[in-house]
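Coordinates in review
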Amino acid sequence: MKILGIDIGGTGIKGAVIETATGELVSERLRIESPRPATPESVGIVIQSLVEQHCWSGPIGIGFPAAIQHGVARTAANIDAAFIGLSVADYFARQTGCPVYVANDADLAGLAEMRFGAGKDVVGVVLIVTIGTGLGTALFGDGRLLSNTELGHIVLDNGLEAEHYASEAVRDAQQLKWKEWGDRFNRYLVTMEKLFWPDLIVLGGGASKKLHKFASRITVQAPVVPAHFLNQAGMIGAALFAEDKLRAAGQNLP
Ligand code: BGC
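Now for a description of the structure that goes with this document. Predicted, not measured: the structure shown is a model, and the values here were computed from it.

**Here's the deal with the overall build of the chain**
Within the chain one finds 8 helices and 13 strands. Relative to its length of 254 residues, the chain is compact, with a C-alpha radius of gyration of 17 Å against a globular reference of 18 Å. A principal-axis box enclosing the C-alpha atoms of the chain has dimensions of 45 × 40 × 30 Å. The proportion of buried residues among the 254 residues of the chain is 56%. For the chain, long-range pairs separated by at least 24 residues make up 62% of all intrachain contacts whose partners lie at least 6 apart in sequence.

**Things to note about unusual backbone geometry**
The omega torsion across R36 and P37 is -5 degrees, close enough to zero to call that bond cis. With respect to the helices and strands, P37 occurs in the loop between β4 (30-33) and α1 (40-53). Positioned with a positive phi, C55 is a non-glycine residue whose angle comes to about 50 degrees. Although it is not a glycine, Q175 sits at a positive phi angle of roughly 45 degrees. If you trace the backbone, Q175 turns up in the loop between α5 (168-173) and α6 (178-196). Residue Q175 is classed as exposed on the basis of its relative accessible area of 70%.

**Quick look at the site of the ligand**
Near the ligand lie 13 residues; those nearest to it are N104, D105, E150, H153 and E163. Taking N78, its side chain carries an N or O atom lying 3.0 Å from an oxygen atom of the ligand. Between the ligand and E163 there is a distance of 2.7 Å, counted from an oxygen atom to a side-chain nitrogen or oxygen. Here the ligand, which alone exposes 310 Å², has 94% of that area covered by the protein. When the residues that make up the shell around the ligand are grouped by side-chain class, the tally is 5 nonpolar, 5 polar and 3 charged. The two domains that each donate at least three residues to the shell around the ligand are domain 1 (2-103) and domain 2 (118-227).

What counts and how
- Residues numbered from 1 in each chain as written.
- Predicted model: local features only at pLDDT ≥ 70, side-chain atom pairs only at ≥ 80, totals over all residues.
- Heavy atoms only, no water.
- Helix = DSSP H or I, 4+ residues; strand = E, 2+ residues; numbered from the N terminus.
- Rg over C-alpha atoms; globule rule 2.2 N^0.38 Å.
- Buried < 20%, exposed > 50% of the residue type's maximum accessible area, 1.4 Å probe, protein only.
- Contact = heavy atoms within 4.5 Å.
- Near = heavy atom within 4 Å.
- Polar contact = N/O pair within 3.5 Å; in protein donor to acceptor, adjacent residues only side chain to side chain.
- Areas by Shrake-Rupley, 256 points an atom, 1.4 Å probe, with all protein chains shown as cover.
- Nonpolar A, V, L, I, M, F, W, Y, C, P; charged D, E, K, R; others polar.
- Domains from an automatic or database assignment.

Below, the structure is given as structure tokens:
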């Protein structure tokens, strides 16, 4: 079925209609700069604009950059704190008049990769890391997601929070060369490997397209591969998540 998938990021909010049977985009991908501050009101205006530009009135899946428990935002590292405690799903559903399903952005990028991408049929532990304004993580064991892992906030052995040391935003702000940043990111992956021993590490977000520029700095034992859907994985996973929720609610879908 077709579902509008939206990925809310720190710099851009992207949306496209996704065919959930294949994960393919069946519309143009639209991107709008993230508003600053990214309050519920200002983000809501962007969501509404994406809905209108796609002439959309069906279900919507949204990847949101925070821990999301049953539709409610619990954290707000790269989004306005006014979201904390808000039922993001209900808020955007009221705004758009469409059924809305929301989960953590990295978890949803992971969902797309596990179903149709780099993690398909992989047995064991798969760690997805999305590299953007923040560092997002999704952790799967034998294909099952342990949601809201928030491992981008782990403190590294240099005393710094990983997201403040090795995100794409930090690379940009400090104008780090890819190899320099690669060493930082590797420090993060080494920490992850010591704790979780993943069988596969999948990189999503903007930097996933640039893996060739820093691959030489990566020393972990697990294979490290770019997301099959690169930085579109979040949008695709958002649509898949909405479909899963609709089916779980017993809706008779095509
Ligand atoms: C947030 C996560 C999110 C990640 C990527 C982090 O700052 O805490 O929830 O998945 O950024 O957007």
